[in-house]
Amino acid sequence: MVEKTFTITDPAGMHARPASALVGSLSKFQSDITMEFKDKKVNLKSILGVMSLGVPSGSTVQIAADGADEAEAMETIERVLNEQGISNE
Amino acid sequence: MNRLSGIAASNGIAIAKAFRLENPELTVDKKNVTDTQAEIERFNQAVKESIAELEVIKKRTAEEISDKEAAIFGAHLLVLEDPELIGPITDKIKTDGVNAEFALHETSTMFVDMFEAMDNEYMKERAADVRDVTKRVLAHLLGVKIQNPSMITDEVVVIAEDLTPSDTVQLNPKFIKGFITDIGGRTSHSAILARTLEIPAVVGAKSAMSTIDNGTIVIIDGLEGDVLLNPDEATLAEYKEKQSAFASQKAEWAKLKNEATVTKDGVEVELGANIGTPKDLTGVLENGGEAIGLYRTEFLYMGRDNFPTEDEQFDAYSAVLKGMEGKPTVVRTLDIGGDKELSYLTLPKELNPFLGLRAIRLCLEMPDMFRTQLRALLRASVHGNLKIMFPMIATLDEFRQAKALLMEEKAKLEAEGIDVSDSIEVGIMVEIPSTAVMADTFAKEVDFFSIGTNDLIQYTMAADRMNESVSYLYQPYNPAILRLVKNVIDASHKEGKWTGMCGEMAGDEIAIPILLGLGLDEFSMSASSILKARSQLSRLSKADMEGHVDHILGLATSEEVEDYVKNL
């Protein structure tokens, strides 16, 4: 399993556009991918799950990937968060 | 004549016949099914058809409106592929042996309830997304045809309980002159799209569906949020006039978007915008802002649980500077304290917070925090035309201390081999009377002044602007204020410097002619006021206004000034 912590810096927090881009980029992976915020853990392949966390600006989230393609999945996550300009580590 | 009122969601006046967009009642009955595999197949088929439909809507929205608006349908598509939605539905069909409609309804209701319970307007709107998607799949399952706004080919105003995002993008402005919904707010999808499409809209009208029949003549006043039914001749004439006045005003303002701000006698002044976050840039550029006269950096520090890092600040400042493409960008350093608090910074309670440890006073008290901001600003300076401004300066010594810290950080960065612009102007806010009075001395050392009128008025009149019982003392046109403003402008010009104004007064119709006459160089206001101000300034002559200044400053009261300017 690989795990990483990210800080969401976009002033609007994790809103629909970046959340969609992130979730949309992960469906192709076999690994189980989760995001945890304030003791609540959701499936990162689920847009409803991600939106339900309501992650505000300035908060940190833990993302974990577990499975055969976990490393590749984590790379994709970092790239997408970066492209969307909503986070830095 | 009947009248309804709601929330003004999109500007303009529409007059047309009502068209009711009925929302078919999609009733869901619980049924037991034995062949659950076939039921799951039926569900998957309905999802597939909905996806195909959404792909078409998304493509069409991207082509006819914008990629940004189309993104919402991208989110809908993701909902239909969401394992946390689809999984529980198929599980429910299989294990409970229920029909697809029921399983879908139960599962999506859970998500709708969850989003609606969130204490956040934005998240509440997500409930509408889930409902919209669910309705589409449900209609396919039930074989019900949902009324489709794109079939309308008459000039109408649409009346609906609510418009789903997919309804709204099918509204063709050629036929649909406006809409009224019973629910929704200014940030609903429908309201946002109405503004993009530039069709008048009133939302949250509550009883439109229960009172308006098909074919009723309806006036929508999207400026005031009013809806008038079956208007009489006189009202109709009145609104037709209002409609054409709005149209010609809009056309005139639109023409001014890419124009310089020039007075009738050919004098150029600069119109800037006040912003709080990089996201406000769009509004500045859409409204033809020539500068940012005030970037309030405190929003970077608010709504979070720790200080923003140097890199986070660098990103925000660079984004603004790059977005302005070399146009002047005045960034105000942190103005916190007083009534503006940070959850992660505990400050002692004060009896008079507005007279206490705030803004530059706090920054000088906490130099590490201040240095972080200054470094971020200096690093960002190579990306545009940065001007740095210190808030709440009361004495020259405060300015010197702040500037010394800035210069120290600049030298450090340069020693680290990091590029910093050499042409950063450093100025101050003038919002404390002592500084306004001593402007001639300050002008020798600062590069510019920016007058913050809200605080300058509060401190000059000794009237707390949060206290309603003394709100009569908030008098921007009081000659005392105007004389201070004149003193500041004259002092800057004597030293070859410039003066801007970034308080509400800078965009005020009565104040603008006076400020022009006083020689103000830059007016900074909310972005939505810029085109109006540009239009007003193009009709004013600076030379004329200069001729009135002495008389105005000699008047005794705020009312006298207001009356005099109105009658010019």
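The rules we used
Residues numbered from 1 in each chain as written. Chains lettered and ligands numbered in written order. Predicted model: local features only at pLDDT ≥ 70, side-chain atom pairs only at ≥ 80, totals over all residues. Contact = placed C-beta atoms within 7 Å. Helix = DSSP H or I, 4+ residues; strand = E, 2+ residues; numbered from the N terminus. Nonpolar A, V, L, I, M, F, W, Y, C, P; charged D, E, K, R; others polar. Pairing = 2+ DSSP bridges. Axes fitted to C-alpha atoms, helices over the stretch in contact; angles between N-to-C directions. Expected span 1.5 Å × (residues − 1). Buried ≥ 20, exposed ≤ 12 C-beta atoms within 10 Å, placed from the backbone. pLDDT = per-residue confidence, 0-100. Core = buried A, V, L, I, M, F, W, Y, C linked by C-beta atoms within 7 Å. Parallel < 35°, antiparallel > 145°, perpendicular 65-115°, else oblique.

Chain A appears in an unreviewed UniProt entry as Phosphocarrier protein HPr from Planococcus maritimus.

Asks: Honestly, the interface of chain A and chain B in this entry has me stumped. Any pointers?
Replies: The interface is formed by 22 residues belonging to chain A together with 26 residues belonging to chain B. Elements that contribute at least two residues to the side of chain A that touches chain B include exactly α1 (16–24) and α2 (47–53) of chain A. Across the side of chain A that touches chain B, the residue classes tally to seven nonpolar, 13 polar and two charged.

Asks: Could you clarify how one ought to interpret the sheet that holds strand β6 (residues 201–203) of chain B in this entry?
Replies: Residues and elements named next belong to chain B. With respect to topology, eight strands assemble into an open sheet ordered β1-β8-β7-β3-β4-β5-β6-β2, the strand pairing being mixed. Only two strands of the sheet have a single neighbouring strand rather than two, namely β1 (2–5) and β2 (7–10). The mean angle between the axes of side-by-side strands here comes to 30°, regardless of whether they run parallel or antiparallel. Strand direction decides the pairing type here: β2 and β6, joined by three bridges, are antiparallel. Residue pairing across strands places serine 10 opposite alanine 201, the latter belonging to β6. Contacting β2, β5 (176–181) and β6, helix α7 (residues 189–197) crosses the sheet at an angle of about 50° to β2. Together, β3 (13–20), β7 (217–221) and β8 (226–229) form the strand contacts of helix α9 (residues 233–255), whose direction differs from that of β3 by roughly 115°.

Asks: Sorry, what's going on with helix α12 (residues 310–323) of chain B here?
Replies: Side chains three or four residues apart in an α-helix point the same way, a direct result of the helix having 3.6 residues per turn. All names here are of chain B. In this model, α12 (14 residues) spans 20 Å end to end at C-alpha, consistent with the 20 Å of a helix rising 1.5 Å per residue. Three or more residues of α12 are buried, namely Gln313, Asp315, Ala316, Tyr317, Ser318, Val320 and Leu321. On its buried face, α12 is in contact with α10 (281–286), β11 (291–296), α11 (298–301), β12 (328–332), α14 (367–380) and β13 (385–390). Directly beyond the C-terminal end of α12, a positive phi value near 45° is found at glutamate 325.

Asks: Please explain the environment of Ser31(A) as it appears in this structure.
Replies: Residue and element names in this part refer to chain A. Within the secondary structure, serine 31 sits in the loop between α1 and β2 (32–37). For serine 31, a count of 21 C-beta atoms within 10 Å puts it in the buried group. In this view, serine 31 contacts Ala65, Asp66, Gly67, Ala68, Asp69, Glu70 and Ala73; residues no more than four positions away in its chain are not counted.

Asks: Could you clarify how one ought to interpret the confidence of the model for chain A in this entry?
Replies: When pLDDT is low, close inspection of the predicted coordinates is not appropriate. Mean pLDDT over chain A stands at 87; residues scoring 70 or higher make up 98%. By mean pLDDT, strand β5 (residues 87–88) of chain A is the weakest element of chain A at 65, and β2(A) is the strongest at 94.

Asks: Would you take a moment to explain the nonpolar core for this structure?
Replies: Within soluble globular proteins, side chains that are nonpolar generally end up buried alongside one another. Core analysis: the largest hydrophobic core is formed by 86 residues, its most contacted members being Ile292(B), Leu377(B), Ile428(B), Val430(B), Val488(B), Leu515(B) and Phe523(B). Ranked by residues supplied to this core, first place goes to helix α19 (residues 479–494) of chain B with seven residues. Judged by nonpolar contacts, the second largest core, of 50 residues, contains Ala16(A), Met51(A), Ile89(B) and Phe115(B).

Asks: Any chance you could explain the environment of Thr460(B) here in plain terms?
Replies: As for its placement among the helices and strands, Thr460(B) is situated in helix α18 (residues 453–461). Spatially, the C-alpha atoms of Thr460(B) and Ala480(B) are 8.0 Å apart, while their sequence positions differ by 20 residues.

Asks: What exactly am I supposed to notice about the packing of helix α4 (residues 100–116) of chain B against helix α5 (residues 121–142) of chain B here?
Replies: For any two helices packed against each other, one specifies the crossing angle of their axes together with the interaxial distance. Residues and elements named next belong to chain B. Between α4 and α5, whose axes approach to 8 Å, the crossing angle comes to 170°. With respect to α5, the element α4 is oriented roughly antiparallel. In this structure, α4 uses Ala100, Glu101, Leu104, Ser108, Phe111, Val112, Phe115 and Glu116 to contact α5, whose residues at the interface are Met123, Lys124, Arg126, Ala127, Val130, Arg131, Thr134, Val137, Leu138, Leu141 and Leu142.

Asks: What's the story with unusual backbone geometry in this structure? I'm lost.
Replies: For residues besides glycine, phi is generally negative; the peptide bonds are generally trans as well. Residue and element names in this part refer to chain B. Backbone geometry places lysine 206, a non-glycine residue, at a positive phi of 65°. Within the secondary structure layout, lysine 206 lies in the loop between β6 and α8 (208–211). A count of 13 C-beta atoms within 10 Å places lysine 206 in the partly exposed class.

Asks: Can you walk me through the environment of Lys58(B) in this structure?
Replies: Residues and elements named next belong to chain B. Structurally, lysine 58 is set in helix α1 (residues 36–64). On the basis of neighbour counts, which here come to 22 C-beta atoms within 10 Å, the residue lysine 58 falls in the buried class. Sequence-distant contacts of lysine 58, that is, excluding residues within four places in its chain, are made with Ala70, Phe73 and Gly74.

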